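# Inside the fold
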Amino acid sequence: MRKQFKAVALSLALAFAAPAFAQDELNFDAYREMLADGNPAELYEMEGEELWRTARGPKNATLEQCDLGLGAGVVPGAAAQLPRHFADTDRVQDLESRLMYCMETLQGIPSEQIIKGKFLKDERAKLAALVAYVVTHSNGEKIAIDLSHPKMKEMYALGEKAFYYRTGAMDFACSSCHSQDGKRIRATQLPNITKPEGAAAGWGSWPAYRVSNSQFWTMQHRLWDCFRQQRTAEPIFASDVTIALSVFMAGKGNGAEAVWPGVKR
Amino acid sequence: MASPMRIRAAAKDGVTEVRVLMAHVMETGQRKDSSGALIPAHFITELSARHNDKLVLSAQFGPSVSTNPYLAFKFNGGAKGDKLAVTWVDNKGDTRSDEVQIA
């Protein structure tokens, strides 16, 4: 009797120790699938679409002439090819910084207002809604950023350097959490960004709606929070280091399918 | 004013599937802000869906429903081009109605 009990206990222990079980427990994909139909990011997308078409700002203009890289006003597929080098500004810009540039040049809304603003507030919140609108029209597209321009190469190298750069009170780098397979923070699995699959998983699933706090986060917001979690200095909104990290991730993830906007815990 | 809902309604084999995404804070009244003061309750209390002015769903919501609620349901009947309207009312008396054509 006793022996039998032991055997049962042992087999139970084995069953619970099986890695497949642990993986299933942490699998957020099933939940994501259930939410795919009703991703509240759509509410932001709707707001963004209206903002795109609404004449606003001191110049009372819409953003319909905004060139996101595929020509003036072309939204479908544009996000999949960002960040890119823009000839008109001679700068590498990600979606946020490009939209900010359009808001300033077309509508006369000063970028300072957004850079010095707060996440989820005022013009920066409006920018996030615009991001939701633009990325939704690249959902399912393959990430295809063009790294051939020297300035893109420079940004990629800077991004790689920033990724491995240990700093702050805890001597942390992005790579501290994102350079091994199977790492997680509590139940959230962390992608290994040093590998193409991991970089694509990260880059291709943000911006996203976060269910736990009911907020829509852009990639700029995500990166800012990574810096905060590292206990290091906050990056300036849309600054070169944030764009460089984006180029690094998108470049590594090139060719993979983007799921935009994502749904996160 | 309340933000618009996103409503999708599709008829197939005599059954219409409706999916609604609502923009609402759904504040429970139990949470406190950073200064410790209670955040007043603000949530949807009633919701109704009408197919060509005929009531097909009536629901009571409460503070346990999440922020930006998502609701999916099916009803018998409905054809392409019919009207489907959803209305909610919250505890502050705010209301929002949106209408779509069944696809």
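Residues numbered from 1 in each chain as written. Chains lettered and ligands numbered in written order. Predicted model: local features only at pLDDT ≥ 70, side-chain atom pairs only at ≥ 80, totals over all residues. Heavy atoms only, no water.

Time to look at the environment of Ala208(A). For Ala208(A), the location among the structural elements is in strand β5 (residues 208–210). Setting aside its immediate chain neighbours within four residues, Ala208(A) contacts Gln215(A), Phe216(A), Trp217(A), Gly262(A), Val263(A) and Lys264(A). (Helix = DSSP H or I, 4+ residues; strand = E, 2+ residues; numbered from the N terminus. Contact = heavy atoms within 4.5 Å.)

Residues and elements named next belong to chain A. Look at helix α8 (residues 150–164) against helix α12 (residues 240–253): their axes get within 7 Å of each other, and the N-to-C directions meet at 95°. Taken as axis vectors, α8 and α12 run roughly perpendicular relative to one another. Taking contact as the criterion, the partners of Met152, Met155, Tyr156, Leu158, Gly159, Glu160, Ala162 and Phe163 in α8 are, on α12, Asp240, Val241, Ile243, Ala244, Leu245, Val247, Phe248, Gly251 and Lys252. Residue composition of the contact of α8 with α12, by class: 12 nonpolar, 2 polar and 3 charged. (Axes fitted to C-alpha atoms, helices over the stretch in contact; angles between N-to-C directions. Parallel < 35°, antiparallel > 145°, perpendicular 65-115°, else oblique. Nonpolar A, V, L, I, M, F, W, Y, C, P; charged D, E, K, R; others polar.)

This part takes up the pattern of salt bridges. Throughout the structure, instances matching the rule amount to 15 salt bridges over all chains. A salt bridge links Glu42(A) to Arg6(B), with the nearest nitrogen and oxygen atoms 3.2 Å apart. Linking Glu42(A) in helix α4 (residues 41–53) with Arg6(B) in strand β1 (residues 6–12), this pair reaches from one chain into another. The buried category is assigned to Glu42(A), whose relative accessible area is 12%. A salt bridge links Lys195(A) to Asp181(A), with the nearest nitrogen and oxygen atoms 2.6 Å apart. Of this pair, Lys195(A) sits in the loop between β4 (188–189) and α10 (196–203) while Asp181(A) is found in the loop between α9 (174–178) and β3 (184–185), placing the two residues 14 residues apart along the sequence. (Salt bridge = Lys/Arg side-chain N within 4 Å of Asp/Glu carboxyl O. Buried < 20%, exposed > 50% of the residue type's maximum accessible area, 1.4 Å probe, protein only.)

Between chain A and chain B, the contact holds 11 residues from the first and 11 residues from the second. Across the interface of chain A and chain B, roughly 980 Å² is buried in total on both sides, 53% from carbon and sulfur atoms. Viewed at the interface, chain B and chain A are joined by 5 residue pairs in polar contact (both at pLDDT 80 or more). Classifying every residue of the side of chain A that touches chain B gives 5 nonpolar, 3 polar and 3 charged. (Buried area = accessible area lost by both parts, 1.4 Å probe. Polar contact = N/O pair within 3.5 Å; in protein donor to acceptor, adjacent residues only side chain to side chain.)

The next point concerns the pairing of strand β2 (residues 15–21) of chain B. All names here are of chain B. Both β1 and β2 contribute to a ladder of 7 bridges, which runs antiparallel. Bridge pairing links alanine 10 to glutamate 17 in β2. Counted along the chain from β1 to the antiparallel partner β2, the turn is 2 residues long, and its residue aspartate 13 has a positive phi close to 50°. Here β2 runs beside strand β5 (residues 70–76); their pairing, made up of 7 bridges, is antiparallel. For valine 20, the partnering residue across the bridge sits in β5 and is leucine 71. (Pairing = 2+ DSSP bridges.)

Residue and element names in this part refer to chain A. Here, the residues flagged by UniProt with the feature "active site" (unreviewed entry) are Cys226. Its location among the elements puts cysteine 226 in helix α11 (residues 219–229). Look at cysteine 226 and you get partly exposed, because its relative accessible area is 21%. (UniProt positions renumbered as here; feature names shortened; annotations may be inferred.)

Here we take up the side chain of Ser246(A). All names here are of chain A. Within the secondary structure, serine 246 sits in helix α12. Taking relative accessible area as the criterion, serine 246 reaches 1% and is therefore assigned buried. Side-chain polar atoms of serine 246 contact the backbone oxygen of threonine 242, separated by 3.0 Å.

Here we take up the packing of aromatic side chains. Aromatic ring pairs: the centre-centre distance and the angle between the two ring planes describe each pair. Residue and element names in this part refer to chain A. Applying the stated criterion across every chain, the model contains 10 aromatic pairs over all chains. On the numbers, 5.0 Å between centres and 85° between planes, the contact of phenylalanine 163 with tyrosine 164 is edge-to-face. Judged by its relative accessible area of 41%, tyrosine 164 falls in the partly exposed class. Chaining the aromatic ring pairs together yields one cluster made of Tyr156, Phe163, Tyr164 and Phe248. It is arginine 98 that lies over the ring of phenylalanine 86; its NZ or CZ is 3.7 Å from the centre. Between arginine 124 and the ring centre of phenylalanine 119, over which it is positioned, the NZ or CZ distance is 4.4 Å. (Phe/Tyr/Trp six-rings, centres within 6.5 Å; stacked < 30°, edge-to-face > 60°. Lys NZ or Arg CZ within 6 Å of the ring centre and 35° of its normal.)

Here we come to the sheet that holds strand β3 (residues 44–51) of chain B. Pairing between the strands of a sheet comes from backbone hydrogen bonds, and it takes one of two forms, parallel or antiparallel. Residue and element names in this part refer to chain B. The strand order across the open sheet built from 4 strands is β4-β3-β6-β7, with neighbouring strands paired in antiparallel fashion. Lying at the two open borders of the sheet, with one neighbouring strand each, are β4 (54–60) and β7 (95–101). Looking at each pair of strands side by side, their axes are set apart by 15° on average, direction ignored. Here β3 runs beside strand β6 (residues 83–90); their pairing, made up of 7 bridges, is antiparallel. Paired with isoleucine 44 across the two strands is aspartate 90, which belongs to β6.

A rise of 1.5 Å per residue sets the reference length of α4(A), with its 13 residues, at 18 Å; its end C-alpha atoms lie 19 Å apart and thus fit the reference within 8%. The set of residues buried in α4(A) consists of Ala41(A), Glu42(A), Leu43(A), Glu45(A), Met46(A), Gly48(A), Leu51(A) and Trp52(A). Of the surrounding elements, those touching the buried residues of α4(A) are α5 (95–107), α7 (122–136), β5 and β6 (215–217) of chain A together with β1 and β2 of chain B. (Expected span 1.5 Å × (residues − 1).)

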